[in-house]
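Read off the chains here:
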Amino acid sequence: MPKNVLFIMCDQLRWDYLSCTGHPHLHTPNIDALAARGVLFDRAYVQSPICGPSRMSFYTGRYVSSHGSTWNGIPLKVGEMTLGDHLRPLGVRTALCGKTHMTADIEGLRRLGLSLDSEIGVLISECGFEPYERDDGLHPDGGPYARNAAYDAHMKERGWADKNPWHTVSNSAEDADGNILSGWFLDHADKPARAADEESETPYITGRAMDFIREAGDKSWCLHLSYIKPHWPYIVPAPYHDIYGPESHLNPVRSAEEKRDPHPVYGAFMEERVSRAFSDDTARTRVLTAYMGLIKQLDDQIGRLMTFVEAQGIADETMIVFTSDHGDYLGDHWMGEKELFHDPSARIPLIVVDPSLEADATRGVTSSALVEAIDVVPTILDYFGGASVPHIIEGRSLIPVLHGKADKLRDFAVSEYDYAQRDVRKRLGVEVKDAKLTMLFDGRWKYIFAEGFRPMLFDLKADPDELTDLGADPAHAPVIARMERLFFDWARRTSQRTTISDAQIAGKDATIGEAQAGILIGYRNEDELREVLAAAARGEK
């Protein structure tokens, strides 16, 4: 039987909003079942706490400063290798069902004479995936995101005549007088969406993934099933809209001290409209009711999908990767959305189910290894038997951990954020080139380098809720200096030489190669040249 991979990503799912990661009220038995069959990586971090850059790192296996797609809408350069580029030569069909947040490098395609609708143009424009069905889940009227015509047709078949059913049906409620109540407004988050459960986005895209698996036949495939929830708009169909009332909500993790004299960048983010909204307990309560309902709906659909996989007889050949592109502050630290590096934002759930016999010893294990989003690509490549390419892929395969042969992969995790396009930058008076933040986390100390400002520092051993910033404390100067050295060492890595590996360079004798090519630099006469070439022929230095 051929090997397959089901690479499942949720959008804006916090690491701690699953029962297997510790939420006391939100029960997710189907996702928990994946954790029981595989390894739950408890300390996994994204390469950027926002959709586009995070996903580009997931798909390339490279850090944000390596692939260059630093914010939503900034294209991934033509020429960046992605998961599909690594898998297609191995005969693996690599397809997308759902969201990528990819923006095509139109100028790069045009410069190379590639048509956007050509076979290679499509692959380059879709992060290397065959777009079985692309659906980024952002279809407001007149917005910059393309509508999903297939979903519109699906809703029309269901009897909805609305011009934009994504907006007015799936992501809106309706009052007793027939008025449409848009799910974009947080005040409507606790109302049921007009769409029925089975026609809403999460069940729909699950069904499309099942269609792909049916059609794929007996050839190896890697399907990226990329859900667009529990990302906003925060609204969910019945019966999920009122399952989790205020009694099931966790109190926000925040303190008055955080507001007293915050780091300038953090303070500016706390003043964003979305942060002020989530600092209001009434709005937060409404959103949490929907957010938890959306996750419950996701879990039910994971159960539906796993039942289908079992029925197809492919469970024993299918690796499953379950994760999220980033978290959601949900009012923690006086913040809404994501974008900074507290654990609610930058830490993600990551479960990997390896069906091979070699992984039997670790089933149900929770690993404390520091892992990164960029580890997914080399793990999948390793599973399919592909060769390691560390000069291109900066992540590390998780297979040694899955097979019980390693319990540590790295000394620290890195995440980067470019806030140049945020109003925060303007309010701080920061130039575009300097609007950069970089986090290093070594398992205890979380250090954030902020260009033009003092660093931030959190001790997660003494302060697991990250309420006290030690970055201005002279007593912690030695820790800051050590973390700064780690950052400097990491920043000096070679990351752009992707066309030739270190091993290829190390295996060359440049001097002999030049001499054999007739480039004679430094030789005194022909006798010396003959002696050198003869020694090289004998394998001598």
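Nothing here was measured: the structure is a model prediction, and the numbers come from that model.

Draft legend 1. Inspection of the overall build of the protein chain at higher detail. Secondary structure summary: the protein chain contains 21 helices and 15 strands in total. Structurally, the protein chain occupies a C-alpha span of about 100 × 65 × 50 Å along its principal axes. By residue count, 56% of the 541 residues in the protein chain fall in the buried class. Look at the contacts in the protein chain between residues 6 or more apart in sequence, and 73% of them connect residues 24 or more apart. Entry remark: accessible area of the protein chain is about 22700 Å², with carbon and sulfur atoms responsible for 52%. The average position of the 59 basic charges and that of the 83 acidic charges among the side chains of the protein chain differ by 3 Å.

Draft legend 2. Structural view of the layout of surface pockets. As a volume, the largest pocket reaches approximately 740 Å³. With six residues, helix α12 (residues 273-278) is the single largest residue contributor to the lining of the largest pocket. Partitioned by chemical class, the residues of the lining of the largest pocket number 18 nonpolar, six polar and eight charged.

Draft legend 3. Quick look at empty space enclosed by the protein. Scanning the model with the defined rule gives four cavities of 30 Å³ or more in all. Put simply, the largest cavity is a space of about 60 Å³. Around the largest cavity, the lining residues are Leu-340, Phe-341, His-342, Lys-446, Ile-448, Met-456, Phe-458 and Glu-466. Contributing elements (two or more residues each) for the lining of the largest cavity: β14 (445-450) and β15 (456-459). Looking at the lining of the largest cavity, its residues break down into five nonpolar, one polar and two charged. Counted as a void, the second largest cavity has a volume near 50 Å³. Lining the second largest cavity we find Ser-170, Asn-171, Ser-200, Glu-201, Thr-202, Lys-229, Ile-235, Val-236, Pro-237, Leu-294 and Gln-297.

Draft legend 4. Molecular detail of the pattern of salt bridges. Across all of its chains, the model carries 46 salt bridges by this definition. Two residues, Arg-14 and Asp-16, come together in a salt bridge whose shortest N-O distance is 2.9 Å. The same class applies to Arg-14 as to Asp-16, namely buried. Close ionic contact of Asp-489 with Arg-492 constitutes a salt bridge, the shortest N to O distance being 2.8 Å. Owing to a relative accessible area of 53%, Arg-492 belongs among the exposed residues under this scheme. Residues joined by salt bridges that share partners form a network here, namely Asp-42, Asp-343, Arg-347, Lys-446 and Glu-466.

Draft legend 5. Expanded view of the nonpolar core. Ranked by size, the top nonpolar core spans 71 residues in total, and within it Phe-7, Phe-41, Phe-58, Ile-380, Tyr-419 and Leu-437 carry the most contacts. Of all hydrophobic cores here, the second largest spans 53 residues; its members include Leu-26, Ala-189, Ala-216 and Ile-320.

Draft legend 6. Fine view of helix α13 (residues 281-311). For α13, spanning 31 residues, the distance from its first C-alpha to its last is 45 Å, which sits close to the expected 45 Å at 1.5 Å a residue. Burial analysis of α13 places 22 of its 31 residues in the buried class, which makes it a mostly covered element. Following α13 by one or two positions, Gly-313 has its phi on the positive side, about 75°.

Draft legend 7. A look at the side chain of His-224. Position of His-224 among the secondary structure elements: in strand β7 (residues 221-230). Residue His-224 is classed as buried on the basis of its relative accessible area of 0%.

Draft legend 8. Summary view of the packing of aromatic side chains. Considering all chains together, one arrives at 17 aromatic pairs under this definition. Centroid distance Tyr-59 to Phe-129: 5.2 Å. Interplanar angle 90°. Geometry classified as edge-to-face. Here the residue Tyr-59 occupies a position in helix α2 (residues 51-60), and Phe-129 occupies one in the loop between α6 (119-125) and β4 (130-134), the gap between them amounting to 70 residues. We note that Tyr-59, like Phe-129, is buried. With a centroid separation of 5.3 Å and 80° between ring planes, the pair formed by Tyr-132 and Phe-212 is classed as edge-to-face. Note that Tyr-132 is positioned in strand β4 and Phe-212 in helix α9 (residues 201-216), a separation of 80 residues in sequence. We note that Tyr-132, like Phe-212, is buried.

Draft legend 9. Spatial organisation of the pairing of strand β1 (residues 4-11). The buried count for β1 comes to eight of eight residues, which makes it a mostly enclosed element. Covered by surrounding structure in β1 are Asn-4, Leu-6, Ile-8 and Cys-10 together with Val-5, Phe-7, Met-9 and Asp-11, the residues of both alternating faces. Relative to β7, β1 runs parallel, the two sharing seven bridges. Residue pairing for β7: Val-5 is matched across the bridge by Cys-222. Examined bridge by bridge, β1 and strand β8 (residues 318-324) share seven bridges and lie parallel to one another. The residue of β8 that forms the bridge with Asn-4 is Thr-318.

Draft legend 10. Seen up close, the packing of helix α1 (residues 29-37) against α13. Closest axis-to-axis distance for the α1/α13 pair is 7 Å, and the angle between their directions is 55°. Classified by the angle between their axes, α1 and α13 sit oblique to one another. Between α1 and α13, the contacting residues are Pro-29, Asn-30, Ile-31, Leu-34 and Arg-37 on the first element and Lys-296, Asp-299, Asp-300, Ile-302, Gly-303 and Met-306 on the second. Split by residue class, the contact of α1 with α13 holds five nonpolar, two polar and four charged.

Draft legend 11. Looking closely at α9. Between its terminal C-alpha atoms α9 stretches 23 Å, which fits the 22 Å expected from 16 residues at 1.5 Å a residue. Summarising burial for α9: 13 of the 16 residues are buried, a large majority. Residue Gly-217 follows α9 closely and has a positive phi angle near 70°.

Rules used in this analysis
Residues numbered from 1 in each chain as written. Predicted model: local features only at pLDDT ≥ 70, side-chain atom pairs only at ≥ 80, totals over all residues. Heavy atoms only, no water. Helix = DSSP H or I, 4+ residues; strand = E, 2+ residues; numbered from the N terminus. Buried < 20%, exposed > 50% of the residue type's maximum accessible area, 1.4 Å probe, protein only. Contact = heavy atoms within 4.5 Å. Areas by Shrake-Rupley, 256 points an atom, 1.4 Å probe, with all protein chains shown as cover. Lys, Arg positive; Asp, Glu negative; His and termini not counted. Charge placed at Lys NZ, Arg CZ, Asp CG, Glu CD. 1 Å grid on protein atoms, 1.4 Å probe; cavity = no way out; pocket = protein on both sides within 12 Å on 5 of 7 lines; lining within 4 Å. Points joined across faces, edges and corners; volume = space filled by probe spheres on them. Nonpolar A, V, L, I, M, F, W, Y, C, P; charged D, E, K, R; others polar. Salt bridge = Lys/Arg side-chain N within 4 Å of Asp/Glu carboxyl O. Core = buried A, V, L, I, M, F, W, Y, C linked by side-chain atoms within 4.5 Å. Expected span 1.5 Å × (residues − 1). Phe/Tyr/Trp six-rings, centres within 6.5 Å; stacked < 30°, edge-to-face > 60°. Pairing = 2+ DSSP bridges. Axes fitted to C-alpha atoms, helices over the stretch in contact; angles between N-to-C directions. Parallel < 35°, antiparallel > 145°, perpendicular 65-115°, else oblique.

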